[in-house]
Structures are given as structure tokens and as C-alpha cells.
2 protein chains.
Amino acid sequence: MDVRQLFGTNVRRLRLEKGLSQEEFGFVAGIDRTYVSGVERGLRNPTIVLAEKFAQGLGVEVDELLRRPAKGA
Amino acid sequence: MDVRQLFGTNVRRLRLEKGLSQEEFGFVAGIDRTYVSGVERGLRNPTIVLAEKFAQGLGVEVDELLRRPAKGA
DNA sequence: CTGTGACTTGAAGTCCGTC
DNA sequence: AGACGGACTTCAAGTCACA
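Here we summarise the structure given alongside this text. (Residues numbered from 1 in each chain as written. Chains lettered and ligands numbered in written order. Predicted model: local features only at pLDDT ≥ 70, side-chain atom pairs only at ≥ 80, totals over all residues. Heavy atoms only, no water.)

## Focus: the protein's contact with DNA strand D
As a matter of local geometry, DNA strand D sits amid 19 residues, with A:Arg12, A:Gln22, A:Arg41, B:Tyr35 and B:Thr47 nearest to it. Expressed as a percentage, the sugar and phosphate content of the atoms of DNA strand D within 4 Å of the protein is 66%. Here A:Arg12 contributes a side-chain N or O atom positioned 2.7 Å from a phosphate oxygen of DNA strand D. B:Asn45 places a side-chain nitrogen or oxygen 3.2 Å from a phosphate oxygen of DNA strand D. Elements with a contribution of two residues or more to the surface near DNA strand D: α1 (3-17), α2 (22-29) and α3 (33-40) of chain A together with α3 (33-40) of chain B. Across the surface near DNA strand D, the residue classes tally to 3 nonpolar, 8 polar and 8 charged. (Near = heavy atom within 4 Å. Polar contact = N/O pair within 3.5 Å; in protein donor to acceptor, adjacent residues only side chain to side chain. Helix = DSSP H or I, 4+ residues; strand = E, 2+ residues; numbered from the N terminus. Nonpolar A, V, L, I, M, F, W, Y, C, P; charged D, E, K, R; others polar.)

Written out as C-alpha cells, the structure is:
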């Protein structure tokens, strides 16, 4: 699994859990909505600084967004 | 603590634990020695794809490099 | 062996709009 | 609400010489 895909999947999951649209999330996180879209689809390769911006907007730690889903869960 | 500093500190710690010089690590990870230097000092803002390259070279998961040191340890 | 400044090229990141 | 396109500016990627 590609890191970008992994990152995007985690972002989407957490964003949905918070019941936010891409636009709303982009607004609170201070990130362009088209960029959010690209990231969630694994098309973008964000920097670690941007990654933290995503994390803060989602209320989680950065490393959580790069964590591989636990198999046994 | 800035993410870049955090990332760099983790990289340096892990690299030292493996007893590698920046040059040696750069070689195994396929990253320029000066780039490694810049990252370890928190001057660079690597992308998540680069971050994974660092992780692979160090034999750890990506999220580990962005993990904040546990206070109670 | 490492730090550092400088440099070119490519991609990150933003903004516009459309479907 | 979200996918997707183009054009644009900024900055990261990657490498060098030198301390």
C-alpha cells in the first residue's frame, strides 16, 4: 500500500467520522478543498508539515494518519 | 515541537542506534548525505513518500518517525 | 564524518472554474 | 457534496563545493 493512499484513506475515514465535508474540513484546517480531494484519493504527496495540518484539523496526532490499519481489529 | 524537528530527531536517534553514519545511511536509503543532514537538523520539510524512504532505510514503520517521544518512558 | 550555502528542476500547494 | 481540469506561485527534491 502506497503511503499516499494510506494517508488519504486515513484522512477520509477520520473526516467522515467527524461528519465534515471536504469543504468544511478544508476550511477548519486551512487547506484548499481541491487539495483535500487530491490527498484523499492518493494523488498528492503532502509534506510532513502539511500532514500535521491535516492531523490538527482532524484532532489527532500526525503519526496516526500514517498508521497502517491493524489487521486483527 | 515542530514536525520537521521531531522527524529529524527520530531519524537521528534511530540511525545512531543502528550505528550508521549519515553517509552510510544515505547510501542504504538511497538519499543524498547532505539531505540526510538537513532533515536531521529540521531544516527540510520532506514529503510523506520521502518519509517512508527514511523509514525503510531505518527498518521501521513511517508513523514511528512522526511519533512524539513518550513522556513517561 | 558532518554542517552549510547555493543552485536547478520538478512537484507541492493555491485559486479559478466545470461537471 | 465531491471529482476533476488548467494555470499559477512557492517550495521541496536533489546535488555541488567548501568549511
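## Regarding α1(A)
Compared with the 21 Å implied by 1.5 Å per residue over 15 residues, the 21 Å span of α1(A) between its first and last C-alpha is a close match. The complete set of buried residues in α1(A) reads A:Val3, A:Leu6, A:Phe7, A:Gly8, A:Asn10, A:Val11, A:Leu14 and A:Arg15. Those residues of α1(A) hidden inside the fold are in contact with α2, α3, α4 (48-58) and α5 (62-65) of chain A together with α4 (48-58) and α5 (62-65) of chain B. Looking one or two places after α1(A), you find A:Gly19, whose phi comes out positive at around 65°. (Expected span 1.5 Å × (residues − 1). Buried < 20%, exposed > 50% of the residue type's maximum accessible area, 1.4 Å probe, protein only. Contact = heavy atoms within 4.5 Å.)

## Focus: the interface of chain A and chain B
Facing the 16 residues of chain A at the interface are 15 residues of chain B. Counting each side, the surface lost to burial between chain A and chain B is near 1700 Å², with a carbon and sulfur contribution of 64%. Of all residues in chain A, A:Val3, A:Ile48 and A:Leu66 give up the largest surface area on contact with chain B, accounting jointly for 36% of the area buried on that side. Along the contact surface separating chain A from chain B lie 6 salt bridges. Of the charged contacts, one joins B:Arg68 and A:Glu61 as a salt bridge, the two residues approaching to 3.3 Å between their closest N and O atoms. Inspection of the region where chain A meets chain B yields 10 residue pairs in polar contact (both at pLDDT 80 or more). (Buried area = accessible area lost by both parts, 1.4 Å probe. Salt bridge = Lys/Arg side-chain N within 4 Å of Asp/Glu carboxyl O.)

## Some words on the pattern of salt bridges
Evaluated as defined, the whole model comprises 18 salt bridges over all chains. Here A:Asp63 makes a salt bridge to A:Arg67, at a shortest N to O gap of 2.7 Å. For A:Asp63, a relative accessible area of 5% puts it in the buried group. In the salt-bridge network here, residues are joined through shared partners; they are A:Asp63, A:Glu64, A:Arg67, B:Asp63, B:Glu64 and B:Arg67.

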